[in-house]
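What follows is each chain in one-letter form.
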Amino acid sequence: MNQMPEPAVSQPAPARDNFKFRWDVLLLVVFLATCAPSVTGIPLHEWASLGIVPIVAIHLALNWNWIIDVTRRSLGRLSGEVRFNHVLDLLLFASFALLMVSGIIVSESALPALGVPRKTDGFWNGLHNATANIFPSLIGIHLAMHWRWIVAKLRGTKPAASSPGGQP
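Below or above, wherever it landed, is the structure these notes cover. Values in this document were obtained by computation on a predicted structure and should not be read as measured data.

Glancing now at the packing of aromatic side chains. Enumeration over the complete set of coordinates arrives at five aromatic pairs. Seen from their ring centres, Phe-31 and Phe-135 are 5.6 Å apart, and the 65° between their planes marks the pair as edge-to-face. Placement of the pair is Phe-31 in helix 1 (residues 14-34) and Phe-135 in helix 7 (residues 122-145), with a sequence separation of 104 residues. Grouped by ring-pair contacts, the aromatic residues Phe-31, Phe-96 and Phe-135 constitute a single cluster.

Rendered as structure tokens:
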């Protein structure tokens, strides 16, 4: 029986890997700033949330080769860890999209400041609150899946084994 090999993901060059790590730290810091609108206030919460969109887009671009490679192989044989990570990433993307769309629709500060009137809608408020409660848990699992890589980068060492499927 033909067994499909694990995704052949080349290791990033050290400079690119370091950039990816610094970019991911920026993403985490901005994400944490958006997690407590009762602390930061609604205006900062909304503007930081809008600012996270291009940061996430660049995060996805930096990991695009892994995303494409694993997606192409997803119907074949993958290790459980790589398959789980791929499904988790899909859930993260979907929940992030729902969180952002619903957040934009219920914006109390950012869009009105741009001249876009606010529309109160219980459905979108509920969806935004639900995804805001789920998303941090998914982020926590995502961080746990990449913990070895994170610790190695913090120590300034090369990870003994790459993160799931070679994706840091």
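Next, the rest of the story.
Using the criterion set out here, one finds two salt bridges in the structure. A salt bridge links Arg-148 to Glu-81, with the nearest nitrogen and oxygen atoms 3.9 Å apart. With Arg-148 in helix 8 (residues 147-155) and Glu-81 in helix 5 (residues 80-105), this residue pair connects regions lying 67 residues apart in the sequence. A relative accessible area of 46% means that Arg-148 is categorised as partly exposed. When its relative accessible area of 37% is taken as the criterion, Glu-81 is described as partly exposed. Notably, a salt bridge pairs Glu-108 with Arg-118, separated by 3.6 Å at the nearest N-O pair. Of this pair, Glu-108 sits in the loop between helix 5 and helix 6 (110-113) while Arg-118 sits in the loop between helix 6 and helix 7, placing them ten residues apart in sequence. Glu-108 gets classed as partly exposed once you look at its relative accessible area, which sits at 47%.

Procedures and definitions
Residues numbered from 1 in each chain as written. Predicted model: local features only at pLDDT ≥ 70, side-chain atom pairs only at ≥ 80, totals over all residues. Heavy atoms only, no water. Phe/Tyr/Trp six-rings, centres within 6.5 Å; stacked < 30°, edge-to-face > 60°. Helix = DSSP H or I, 4+ residues; strand = E, 2+ residues; numbered from the N terminus. Salt bridge = Lys/Arg side-chain N within 4 Å of Asp/Glu carboxyl O. Buried < 20%, exposed > 50% of the residue type's maximum accessible area, 1.4 Å probe, protein only.

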